Amino acid sequence: MIQIKNLTKNYNDYAAVKDISLDIKKGELCVMIGPSGCGKSTTLKVLNRLETPTEGSVFINGEDISNIDPVILRRGIGYVIQNVGLFPHMTASENIATVPQLLKWDKNKIGERVEYLLNLVGLEPFEYSKKYPAELSGGEAQRVGVARALAADPEVLLMDEPFGALDPITRSELQRSLVKIQSELKKTILFVTHDIDEAILLADMVVLMKDGEIVQSGSPTQMLEFPVNKFVRDFVGTDRALKRLSLTKVETFCKPAPYVSLNTDISNAVEMIDNGIYIWVVDENEKPCGWLDAYMDEPTGFVKDYCTIDSFENFTVSKKQSVKEALNKMIKSGVNQLVVVDGDERLLGEISIDDIIQKS
Ligand SMILES: Nc1ncnc2c1ncn2[C@@H]1O[C@H](COP(=O)(O)OP(=O)(O)O)[C@@H](O)[C@H]1O
Ligand SMILES: [Mg+2]
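Per chain, residue numbering runs from 1 following the sequence as it is written. Chains and ligands are labelled sequentially in the order written, the chains with letters from A and the ligands with numbers from 1. Reporting of local features is limited, given that this is a predicted model, to residues whose pLDDT is at least 70; pairs of side-chain atoms are given and counted only at 80 or more, and all residues count toward the totals for whole chains, interfaces and linings. Side-chain measures were taken over the full set of non-hydrogen atoms in the model, leaving aside hydrogen atoms and water.

If you had to explain the pairing of strand 8 (residues 188-193) to someone new, which residues and values would you point to?
Of all 6 residues in strand 8, 6 are buried, a share of seventy percent or more. Exposure is judged per residue with a 1.4 Å probe applied to protein chains only, and the accessible area is read against the type maximum: over 50% gives exposed, under 20% gives buried, and values in between give partly exposed. Secondary structure counts use DSSP, requiring at least four H or I residues in a row for a helix and at least two E residues in a row for a strand, with both numbered from the N terminus. Burial of strand 8 is two-sided: the residues Thr188, Leu190 and Val192 facing one way and the residues Ile189, Phe191 and Thr193 facing the other way are all buried. Note: two strands are recorded as paired if DSSP finds a minimum of 2 bridges between them. Two elements, strand 3 (residues 29-33) and strand 8, share 5 bridges in a ladder whose sense is parallel. Bridge pairing in strand 8 links Val31 to Phe191.

Okay, structure coming up:
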């Protein structure tokens, strides 16, 4: 979808981008990352012809962009930058409608599009459509910026540190919104950041740059697992093992675990524990509600008379959560294993700290 071939960009004698080549597939979210001044923004600007290559070329959909009228080219590319640059004298709706209006869309179609996009970026149309940029928080303004970039349904989105100026909580909300939007729309996105956690969270492919050159590219997992040199190792951080676990789902480490129900006869439960030290206990809906220890003195009756009941959140994780979240919970609760549950909160198995250490 986007092909950058041997791109070099010089400013006078200074090479801001040195002979980089890159292929971004349709529907892929590529994150370009690297320290300040390494040539990220320059690369993006070449892609929408705000800058002209000194050498090399860029193809979008197989077409050399130097043959496309810049104005036409930019209408097919959504561009989101830090501090958005919304037009201050226009409402949120009017800002979003800018390009469709230039394209002379029908008025009703524009209205519907604006409403759809406000919803998509998580802004209630009734509340926000008439607001001016000065009446929006930084995060809301940035959401409007994303909606505006998507207005004419471009195939390509270029995002230059779009969440860089936001506080950490708002930033993580917008990151999650983008993940959701992308899972729905599957745009081809080149996203620039200098934040490695943001890159790992968002990227299908990461491209790490230094001094105008690509040092390493690949999936976030590859980057964390096989950094090619010290620069990459330092850049991804000393906690790269933990970061990798943030990309791994609990279900990967889930193994079967025996369980009994509250109303199981205690003698049967004792047999099931066998030579283990505990067994999980579930309620009538197979929702975990506690556990039963092996050490009981001549028990009679039912599991419910002997088991330890705990609140669901304390000892369970969902199969879709990250292993890092599971570890975090184990450390906080001071336990070595947790029950893994499915979307309906039914017991699937368990995840243990030993398995995570041995298998990762
Ligand atoms: N218009 C310009 N004129 C001269 N030098 C520039 C210009 N734009 C960027 N540069 C230089 O090119 C290098 C790369 O800049 P940039 O692509 O903006 O970096 P990044 O976005 O990775 O922080 C920097 O050293 C910057 O000073
Ligand atoms: Mg920049």
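I'd love a proper account of the site of ligand 1, names of residues and values included.
Lining the immediate surroundings of ligand 1 are Tyr11, Tyr14, Ala16, Ser36, Gly37, Cys38, Gly39, Lys40, Ser41 and Thr42. Distance and chemistry together define a polar contact, namely a pair of N or O atoms within 3.5 Å, with one atom able to donate a hydrogen and the other to accept it when in protein, and with adjacent residues in sequence counting only for side-chain atoms on both sides. Lys40 has a polar backbone atom sitting 2.9 Å from an oxygen atom of ligand 1. Between ligand 1 and Ser41, the relevant distance is 2.8 Å, taken from an oxygen atom to a side-chain nitrogen or oxygen of the residue. To be clear on the numbers: accessible area is Shrake-Rupley with a 1.4 Å probe, and residue cover counts the displayed protein chains and nothing else. Protein contacts shield 62% of the accessible area of ligand 1, which totals 560 Å² for the unbound molecule. Whether a residue is near a molecule or strand depends on its heavy atoms: it is near if one of them lies within 4 Å of it.

Account for the environment of Ser352, with residues named and values stated.
Within the secondary structure layout, Ser352 lies in strand 17 (residues 347-352). Along the chain, Ser352 and Ile4 lie 348 residues apart, while their C-alpha atoms are 45 Å from each other.

Hey, could you go over the domain arrangement of the protein chain for me, with residue numbers and the actual values?
Domain annotation for the protein chain reports domain 1 (2-247) and domain 2 (251-359). Domains are outlined according to an automatic or database domain assignment. A separation of 43 Å is found between the C-alpha centroids of domain 1 and domain 2.

Provide a residue-level description of the sheet that holds strand 15 (residues 316-318), including the pertinent values.
Read across the sheet, 3 strands follow the order 15-16-17 without closing on themselves; strand pairing throughout is mixed. Taken across any chain shown, the strands that pair with only one partner, and hence form the sheet edges, are strand 15 and strand 17. Geometrically, the sheet is characterised by an average inter-axis angle of 35° between neighbouring strands, direction not taken into account. Relative to strand 16 (residues 337-341), strand 15 is paired through 3 bridges, and the arrangement is parallel. Note on strand 16: the bridge partner recorded for Ser318 is Val341. All axes here are fitted lines through C-alpha atoms, helices being fitted over the stretch that makes contact, and every angle between N-to-C directions spans 0 to 180 degrees.

How would you sum up the sheet that holds strand 4 (residues 55-60)? Please name residues and give values.
In space, the 4 strands of this open sheet follow the order 2-1-4-5, with antiparallel pairing throughout. Edge positions in the sheet fall to strand 2 (14-24) and strand 5 (63-64), since each has one partner strand and no second. By the bridge criterion, 5 bridges tie strand 1 (residues 2-11) to strand 4 in an arrangement that is antiparallel. If you follow Gln3 over to strand 4, its bridge partner there is Phe59. Contacts are residue-level and defined by heavy atoms, with any inter-residue pair within 4.5 Å sufficient. Contacts from helix 1 (residues 40-47) reach strand 1, strand 2 and strand 4 within the one sheet, and its direction differs from that of strand 1 by about 115°.

Could you give an account of the pairing of strand 7 (residues 156-160), with specific residues and numbers?
Of all 5 residues in strand 7, 5 are buried, a share of seventy percent or more. Where burial is concerned, the two faces of strand 7 agree: the one with Val156, Leu158 and Asp160 and the one with Leu157 and Met159 are both buried. Relative to strand 8, strand 7 runs parallel, the two sharing 5 bridges. Within the sheet, the bridge partner assigned to Val156 lies in strand 8 and is Thr188.

Can you explain the environment of Lys186? Please cite residues and give values.
Here Lys186 lies in the loop between helix 7 (168-185) and strand 8. Relative accessible area serves as the criterion here: at 53%, Lys186 is assigned to the exposed category. The residues touching Lys186, leaving out its near neighbours within four places in the chain, are Gly27 and Ile181.

Requested: an account of the nonpolar core, with residues and values cited.
Buried residues of nine kinds, namely Ala, Val, Leu, Ile, Met, Phe, Trp, Tyr and Cys, make up a nonpolar core once their side-chain atoms join them within 4.5 Å. Core analysis: the biggest nonpolar cluster contains 47 residues, and Ile96, Met159 and Phe191 have the highest contact counts within it. Among the elements that line this core, the one with the most residues is helix 6 (residues 138-150), at 6 residues. Those residues within four positions of Met159 in sequence are excluded, and the remaining contacts are Leu44, Val80, Val146, Leu178, Ile189, Leu190, Phe191 and Val192. By size, the runner-up hydrophobic cluster in this structure holds 27 residues, among which are Met1, Cys38, Leu47 and Val207.

Describe helix 12 (residues 266-273), listing the residues and the values that go with them.
Within the sequence span of helix 12, burial applies to Ile266, Ala269 and Ile273. Angular distribution of buried residues about the axis of helix 12 spans 55°; they occupy a single face of the element. Buried-residue contacts for helix 12 involve strand 11 (259-261), strand 12 (278-282) and strand 13 (288-293). The arc in question is the one spanned by the directions pointing from the helix axis to the C-beta atoms.

Can you tell me about unusual backbone geometry, naming the residues and giving the values?
The phi torsion at Asn6 lies on the positive side, around 45°, for a residue other than glycine. On the secondary structure map, Asn6 appears in strand 1. Among the residues examined, Asn6 registers a relative accessible area of 42% and is labelled partly exposed. Positive phi is not limited to glycine here, since Asp19 has a value of about 50°. By the element assignment, Asp19 lies in strand 2.

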